[in-house]
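Structural overview
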Amino acid sequence: MTPAIEFIDVVKSFPDKDGGRQVVLDHVDFTIPQSKTTVIAGRSGQGKSVTLKLVLGLMRADSGTILVDGEDVTRIRGRKLEKLRTKFGVLFQGAALFDSLSVFENVALPLRERTVKREVEIREQVMTTLKQLELDGHEDKFPAQLSGGMRKRVGLARALQLGPEILLFDEPTTGLDPVMTNDIYHLFSRTQAQLGYSSVIVSHDIPKVFNLADQVIILNKGKMDVFKNPEEIQWAEKPHIKEFVRTTMGEIYQSHLVEK
Ligand SMILES: Nc1ncnc2c1ncn2[C@@H]1O[C@H](COP(=O)(O)OP(=O)(O)OP(=O)(O)O)[C@@H](O)[C@H]1O
Ligand SMILES: [Mg+2]
């Protein structure tokens, strides 16, 4: 099966203040399998958000190949890139809702902008999603009237409207309490099981987020370590992974697998 996303020998750097280059991704290779959940972890400033932007073609790699469903994002522009982006649902940090639009209108927005659906169809689809995410009854509220967790769910509802093949979540639980964080992750598991999309989650909620990960990528100093199973991380020999395990999971990491 073609991977959902594939990075081959990708380099991404930015100019640094000394006239040199800060290398963020240093000849990186990895694949994101279809219909699975990949978690990208790593310390702040290691290039997690940059990786997602490269996938969407919002940023260009210096060199290398980035395939989405087998198509090279680094080589396409304009309308073709726009079309490729319709495969994605994106939930960036803060959920980025429109404050002047109601919950209903926020969720309906992609349908109004990208489809020719009639009003009755839009209403039916949006209300169905809101119900799935336990937001029915709140459709006329505005973002300022919602709790943090509700806002995230509205963001997720919006990201799902165009039936994405791939969902990208950048720190979807920032600012939420531990219970809400768990709820959001359960929700991700459930919606993914229902809808079968491939998902990439950037998260600091270690080890909590590992419960839903099929694969974990740890980004450190321009390099990526790919673990086909989150359990493997605790047995890794590399010093920086050991350090990562020690600081984020405690000396002895005991997995608390939850039912998906
Ligand atoms: N547009 C840009 N121009 C210059 N440097 C950038 C740009 N975008 C990101 N960087 C740099 O690339 C590095 C990686 O940034 P990125 O936002 O991907 O980090 P991150 O891993 O997502 O961190 P965090 O966990 O804090 O969100 C940082 O050093 C950042 O300053
Ligand atoms: Mg980031």
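Right above here is the structure, for reference.
In short, a report on the structure.

Within the protein one finds 7 helices and 10 strands. In terms of overall size, the protein behaves like a compact globule, its C-alpha atoms giving a radius of gyration of 19 Å where 260 residues would be expected to give roughly 18 Å. Across its three principal directions, the C-alpha atoms of the protein cover 55 × 45 × 40 Å. Across the 260 residues in the protein, those meeting the buried criterion constitute 35%.

Read from one edge of the open sheet, 6 strands run 6-7-8-3-9-10, paired in mixed fashion. Strands with a single pairing partner mark the edges of an open sheet, and in this sheet they are strand 6 (88–91) and strand 10 (223–227). Mean inter-strand twist for the sheet, computed between neighbouring axes without regard to direction, equals 15 degrees.

For the rest of this paragraph, the subject is the site of ligand 1. Around ligand 1, the surrounding shell consists of F14, V24, G42, S44, G45, Q46, G47, K48, S49 and V50. For the shell around ligand 1, the leading source of residues is helix 1 (residues 48–55), giving 3 residues. Split into classes, the residues belonging to the shell around ligand 1 amount to 3 nonpolar, 6 polar and 1 charged.

This paragraph deals with the sheet that holds strand 5 (residues 71–72). Across a sheet, paired strands are connected by hydrogen bonds in the backbone, their directions being either parallel or antiparallel. An order of 2-1-4-5 is seen for the 4 strands of this open sheet, with the pairing classed as antiparallel. The sheet is open, and its two borders are formed by strand 2 (21–32) and strand 5, each paired with just one other strand. Bridging between strand 4 (residues 63–68) and strand 5 involves 2 bridges; their strand directions are antiparallel. When the bridges of strand 5 are listed, L67 appears paired with D72.

If you look at the biggest cluster of nonpolar residues, it comprises 58 residues, and the most contacted ones within it are V39, V55, V107, A157, L168 and V216. Per element, the largest residue contribution to this core is 5 residues, and it comes from helix 5 (residues 148–160). Leaving out residues up to four positions away in the same chain, V39 has contacts with I201, S203, V209, F210, A213 and V216.

Bridge analysis of strand 1 (residues 5–15) against strand 2 gives 8 bridges, and the strand direction is antiparallel. Within strand 2, the residue paired with F7 across the bridge is F30. Here strand 1 hands over to strand 2 after 5 residues, with G19 in that stretch at a positive phi of 85 degrees.

Structurally, the position occupied by S49 is in helix 1. In this structure S49 comes out as partly exposed when scored by C-beta crowding, with 16 C-beta atoms within 10 Å. Sequence separation of S49 and L135 is 86 residues, and the distance between their C-alpha atoms is 28 Å. Each residue touching S49, except ones within four places of it in the same chain, is listed here: D170 and V202.

Here we come to helix 5. In this model helix 5 runs 19 Å from its N-terminal to its C-terminal C-alpha over 13 residues, within 8% of the 18 Å that 1.5 Å per residue would give. Taken across its 13 residues, helix 5 has 10 buried, putting it largely inside the fold. Buried residues of helix 5: R151, K152, R153, V154, G155, L156, A157, R158, A159 and L160, and no others. Packed against the buried residues of helix 5 are strand 6, helix 3 (103–114), helix 4 (119–132), strand 7 (166–170) and helix 6 (178–195).

So, how was this worked out
- Residues numbered from 1 in each chain as written.
- Chains lettered and ligands numbered in written order.
- Predicted model: local features only at pLDDT ≥ 70, side-chain atom pairs only at ≥ 80, totals over all residues.
- Helix = DSSP H or I, 4+ residues; strand = E, 2+ residues; numbered from the N terminus.
- Rg over C-alpha atoms; globule rule 2.2 N^0.38 Å.
- Buried ≥ 20, exposed ≤ 12 C-beta atoms within 10 Å, placed from the backbone.
- Pairing = 2+ DSSP bridges.
- Axes fitted to C-alpha atoms, helices over the stretch in contact; angles between N-to-C directions.
- Near = placed C-beta within 6 Å.
- Nonpolar A, V, L, I, M, F, W, Y, C, P; charged D, E, K, R; others polar.
- Core = buried A, V, L, I, M, F, W, Y, C linked by C-beta atoms within 7 Å.
- Contact = placed C-beta atoms within 7 Å.
- Expected span 1.5 Å × (residues − 1).

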